[in-house]
Amino acid sequence: MKKARCILLAALLLAFAGCRVGDAPAADSYDPLIVVGFSQVGAESDWRRANTQSMQEVFTEANGYRLIFDDAQQKQEKQITAIRNFIQQGVDYILLAPTTETGWDTVLGEAKDAGIPVIIVDRMIEVADESLFTCWVGSDFRKEGDIAVAWLEKQFSGRAVNILHLQGNLGSSAQLGRTAGLDAGLLKHEEWTLVARESGEFTQAKGQEVMEGFLQFYPEFNVVYSENDNMSYGAIDALEAAGYTPGSDVKIISFDAARAGLELTLDGSINLDVECNPLHGPRVQALIEQLEAGQTPPKFTYVEETAFDARTITQEMIDARGY
Ligand code: AHR
């Protein structure tokens, strides 16, 4: 039971037992709201901002929550500090959107010792003891990579594919899964060549910088595999500045399917945008409601996702998106 609610219950029990309420913790310290500490990766992409907004829209006082939000600026050490602060503040739940998969055992052990349930959102974590987190909700990033590779197989069917690969933050599930999908495709197809790969850190600026670097050294390529939309925006700018026509002489595969990404898909600059759905607020709320009701939610919840092809996308599909 929520700590603040326990304090109220203790005060009431003492009052009924003839004790002075003053002997118990002050009843005015009762907080009827469920306090949720959310450690967010950062604000590196359209996806991330939509994810933050989704959480902030759900965890409101009107809905019975007090949200303590922390932006870690893509740094795991900041997330570890935030989690320790949440523990000190005695929050009811810790929500963690992890930067990387590894390195969480110690701090989540501290949360477990404090009796605070931890819900992992978006990316996955790798811990020796899975009881360190209560449950997880997010995307199947490997499946996203497999969808992209299946599309590429169909497009090129046996023809040479020379790939420039913009990776996300190394060690994040989104990077690991999407890269693993591509690597499986490369193993399967001897006519496919990985020309170069480098991390663009999921940002537009870095995506553009890395693509500009690629263009200086690698003139022979016909595919850009970019692990998120923001890096694709930067890559498209770099390609256009160098005289290429993205989507035509270079096929662009992107991930997220954020609104601006889909608009670029509609205009043909992105050929395929694989969905990664950021609207986790209501999903996490449903998990908390189950826990509050004393139920055991599923340990892992994968979100259903699709992909958008430049040849079949419509404006109506874009308008129907919630992000
Ligand atoms: O973990 C989800 C990924 O992180 C999204 O693809 C990317 O845009 C974000 O920064």
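Just so we're clear, the structure is a prediction, and the values are computed from it rather than from any experiment. (Residues numbered from 1 in each chain as written. Predicted model: local features only at pLDDT ≥ 70, side-chain atom pairs only at ≥ 80, totals over all residues. Heavy atoms only, no water.)

(A) Geometry of the pattern of salt bridges. All chains considered together, the criterion is met by 16 salt bridges. Residues D46 and R49 are paired through a salt bridge, measuring 2.9 Å at the closest nitrogen-oxygen approach. Taken together, the positions of D46 and R49, both in helix α2 (residues 46–58) and three residues apart, correspond to about one turn of that helix. D46 gets classed as partly exposed once you look at its relative accessible area, which sits at 23%. When the shortest N-O distance is used, the salt bridge between R123 and D122 registers 3.7 Å. The burial state of R123 is the same as that of D122; both residues are buried. If you follow the salt bridges from partner to partner, you end up with E44, R48, D122 and R123 in one network. (Salt bridge = Lys/Arg side-chain N within 4 Å of Asp/Glu carboxyl O. Helix = DSSP H or I, 4+ residues; strand = E, 2+ residues; numbered from the N terminus. Buried < 20%, exposed > 50% of the residue type's maximum accessible area, 1.4 Å probe, protein only.)

(B) Molecular detail of the packing of aromatic side chains. Under the counting rule described, the total for this entry stands at nine aromatic pairs. A ring pair is formed by W136 and Y302, whose centres lie 4.8 Å apart and whose planes are at 65°; its orientation type is edge-to-face. Placement of the pair is W136 in strand β5 (residues 135–138) and Y302 in strand β11 (residues 300–302), with a sequence separation of 166 residues. With centroids separated by 5.3 Å and ring planes inclined at 65°, the aromatic side chains of Y225 and F255 adopt a geometry described as edge-to-face. With Y225 in strand β8 (residues 223–226) and F255 in strand β9 (residues 251–256), this pair connects stretches of sequence that are 30 residues apart. Y225 gets classed as buried once you look at its relative accessible area, which sits at 0%. Each member of the aromatic cluster is reached from another via a ring pair, and the members are F133, W136, F300 and Y302. Note that K299 overlies the ring of F133, its terminal NZ or CZ placed 4.4 Å from the centroid. (Phe/Tyr/Trp six-rings, centres within 6.5 Å; stacked < 30°, edge-to-face > 60°. Lys NZ or Arg CZ within 6 Å of the ring centre and 35° of its normal.)

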